[in-house]
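Listed below, chain by chain, are the residues.
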Amino acid sequence: MARLYRDIPKKVLYEGDGYTDGNIVYDMARCPYCDRVFDEDQDTWKSTYCPDCGQRLDWEVDDGETE
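For the structure given in this document, a descriptive report is provided here. Note that the coordinates shown come from a computational prediction; the quantities given were computed from them, not determined experimentally.

Brief notes about the pattern of salt bridges
Part 1: Summed over all chains, the structure comprises three salt bridges.
Part 2: Between Asp58 and Lys11 there is a salt bridge whose closest N-O contact spans 3.5 Å. With Asp58 in strand E5 (residues 57-58) and Lys11 in strand E1 (residues 10-11), the pair connects residues that are 47 residues apart, well separated along the chain.
Part 3: Given a relative accessible area of 22%, Asp58 falls into the partly exposed group.
Part 4: Between Arg36 and Asp52 there is a salt bridge whose closest N-O contact spans 3.3 Å.

Below you can see the structure in the form of C-alpha cells.
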C-alpha cells in the first residue's frame, strides 16, 4: 500500500517571542504543511498529527533550539 505524503513526519517550525537568560524561548511552533500555529499552553502542543491538515509532526528539537 502506498504511503501518504502526510504520513511522513515533518519537523515543526519553532518560533520564539521572548528571552530567558539571553536565550530565545521557543514557545510556539507551526505545522510545516498548513502553517497552523501551536502554542505551548494549548492541548495540541506536541500532537502527533496536525489537527487541521493531518500532517504527521516531528517535535524533535535541533541543536541550538530550546523548548
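Quick word on the nonpolar core
Part 1: Ranked by size, the top nonpolar core spans 11 residues in total: Val12, Tyr14, Tyr26, Ala29, Cys31, Phe38, Trp45, Cys50, Cys53, Leu57 and Trp59.
Part 2: Setting aside anything within four residues of it in sequence, one finds Leu57 in contact with Pro9, Lys10, Val12, Cys31, Pro32, Phe38, Ser47, Thr48, Tyr49 and Cys50.

Definitions and limits used
Residues numbered from 1 in each chain as written. Predicted model: local features only at pLDDT ≥ 70, side-chain atom pairs only at ≥ 80, totals over all residues. Heavy atoms only, no water. Salt bridge = Lys/Arg side-chain N within 4 Å of Asp/Glu carboxyl O. Helix = DSSP H or I, 4+ residues; strand = E, 2+ residues; numbered from the N terminus. Buried < 20%, exposed > 50% of the residue type's maximum accessible area, 1.4 Å probe, protein only. Core = buried A, V, L, I, M, F, W, Y, C linked by side-chain atoms within 4.5 Å. Contact = heavy atoms within 4.5 Å.

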